[in-house]
Amino acid sequence: LPNVRMAYETWGKLNEDASNAILLCHALTGDSHATSRDGKSGWWKDIVGPGLAIDTDRYFVVCPNVLGGCQGTTGPADLAPDGRPWGPRFPEATIRDMCAAEAKLADLLGVERWALVAGASFGGNRTMEWAASFPERVGAIAVLVSGPASTAEQVAFAHFQLKAVQGDPKWRGGNYYDAPEGDGPAFGLGFAREIAHLTYRCAPELDTRFSRNAQEGEDPLHGGRYAVESYLDHQGAVFVNRFDALSYLYLTRVMDYFDPFADPTAMDAVAGTGLKYLVMSFDSDWRFGTAHSRRIVRQLQSRGLPVSFREIRAPWGHDSFLLPIGPYLDTVRAFLEQPTRPRPSIHRHRLGRHR
């Protein structure tokens, strides 16, 4: 990429020695709007803000939109040097490249070292890569509802979603940006989102909310829908108005590819830095459940790294990380308040090594 534009938002103020900065890594289809501002709610509005678990009266909080996304940061919909959208020509990248871009943003903001890098799901992948690529630039890592690598089942669900988008007649091989407005693969993207959203919830919650009830005024035996079908249709319809299909495929594949512990030496640079970890899961999450989190914990402990782990009871599945659940908020707050170990003298990596 000849140049990169990065969208980001900040809350709070950076202190004089730049020691109070926190980086938030959003989930797969998230954006930089992590918490509320000007009447618009953010995706982590109950966790980040004045007096909350991540207290913006104390911390300078930064949330960038990920490289390859479609919420302001350079991605497939942006123009290539030839004046046409990148489209399917957008360069292949990895989560390491995404973190390298965020490291350059940190340089521009005057942040030498983050007090905390926190993220959930796909954002949790980025937090792990931050520790591996820039261990001397991070004091603590919070990995929420994530896993060490995608399982075969998760790749299979992603496969359904990719097929849904690519099977839309308006997909055009990813070259749909020049089509008339509204003539892109909206149906396929919406259907992909419905498949994904089902993995973000859990069976007991869906049964409690919808049971086998018909959607009001509709008869499922005569062309109508069940209430749960209407709910999923709504999720798909809302999603296509805010996300780009090619970015969705791109980021999904990046997530499938990520495997931070495949190289047994990948975490060697972290040892001895004083970097501490928090790993959290929810007992009703089957997208990235407790078994996934425990695998992360075992990998970190096998390398002698300090790890705190907690499973939280909550009936809302994977998306529980978005909700104001008391024990969850208390754990994040307590982790932040733990004293950080002194940092040994380590030479800073040059960004060029991570391109």
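For the structure, see preceding data.
**Observations concerning the sheet that holds strand E7 (residues 140-144)**
Overall, mixed pairing links the seven strands, which are arranged E1-E5-E2-E6-E7-E8-E9 in an open sheet. With one partner strand each, in any of the chains shown, strand E1 (8-11) and strand E9 (307-312) form the two edges of the open sheet. Across the sheet, the axes of successive neighbouring strands diverge by a mean angle of 15°, strand direction being ignored. Pairing of E7 with strand E8 (residues 276-282), which is carried by five bridges, proceeds in the parallel orientation. By the bridge assignment for E8, Ala140 is matched with Lys276. Strands in contact with helix H1 (residues 95-109) are E1, strand E2 (21-25) and strand E5 (60-64); relative to E5, the strand with the most contacts, it is inclined by about 140°. Relative to the sheet, helix H2 (residues 122-133) contacts E2, E5, strand E6 (116-120), E7 and E8, its axis offset from that of E6 by approximately 150°.

**Regarding the side chain of His26**
With respect to the helices, strands and loops of the structure, His26 is situated in the loop between E2 and strand E3 (48-49). Assessed through its relative accessible area of 0%, His26 is described here as buried. There is a polar contact of 3.1 Å between the side chain of His26 and the backbone nitrogen of Val66. In this structure, His26 is in contact with Asp31, Trp43, Pro64, Asn65, Val66, Ala120, Phe122, Gly123 and Arg126, ignoring residues within four places of it in sequence.

**Re the nonpolar core**
Membership of the largest hydrophobic core comes to 65 residues, with the highest contact counts inside it found for Met98, Trp114, Phe122, Trp130, Tyr248 and Tyr277. For this core, the element with the highest residue contribution is H1, accounting for nine residues. Trp114 has contacts with Ala21, Ile22, Leu23, Val62, Ala106, Trp130, Arg137, Val138 and Gly139, leaving out every residue within four places of it along the chain. Formed by 33 residues, the second largest nonpolar core is a distinct cluster that contains Val61, Ala118, Val332 and Phe335.

**Notes on the pairing of E8**
Burial of E8 is extensive: seven of the seven residues sit out of reach of the surface. Of the two faces of E8, the one lined by Lys276, Leu278, Met280 and Phe282 and the one lined by Tyr277, Val279 and Ser281 are each fully buried. Alignment of E8 against E9, held across six bridges, turns out to be parallel. When the bridges of E9 are listed, Phe282 appears paired with Ile312.

Conventions used here
- Residues numbered from 1 in each chain as written.
- Predicted model: local features only at pLDDT ≥ 70, side-chain atom pairs only at ≥ 80, totals over all residues.
- Heavy atoms only, no water.
- Pairing = 2+ DSSP bridges.
- Helix = DSSP H or I, 4+ residues; strand = E, 2+ residues; numbered from the N terminus.
- Axes fitted to C-alpha atoms, helices over the stretch in contact; angles between N-to-C directions.
- Contact = heavy atoms within 4.5 Å.
- Buried < 20%, exposed > 50% of the residue type's maximum accessible area, 1.4 Å probe, protein only.
- Polar contact = N/O pair within 3.5 Å; in protein donor to acceptor, adjacent residues only side chain to side chain.
- Core = buried A, V, L, I, M, F, W, Y, C linked by side-chain atoms within 4.5 Å.

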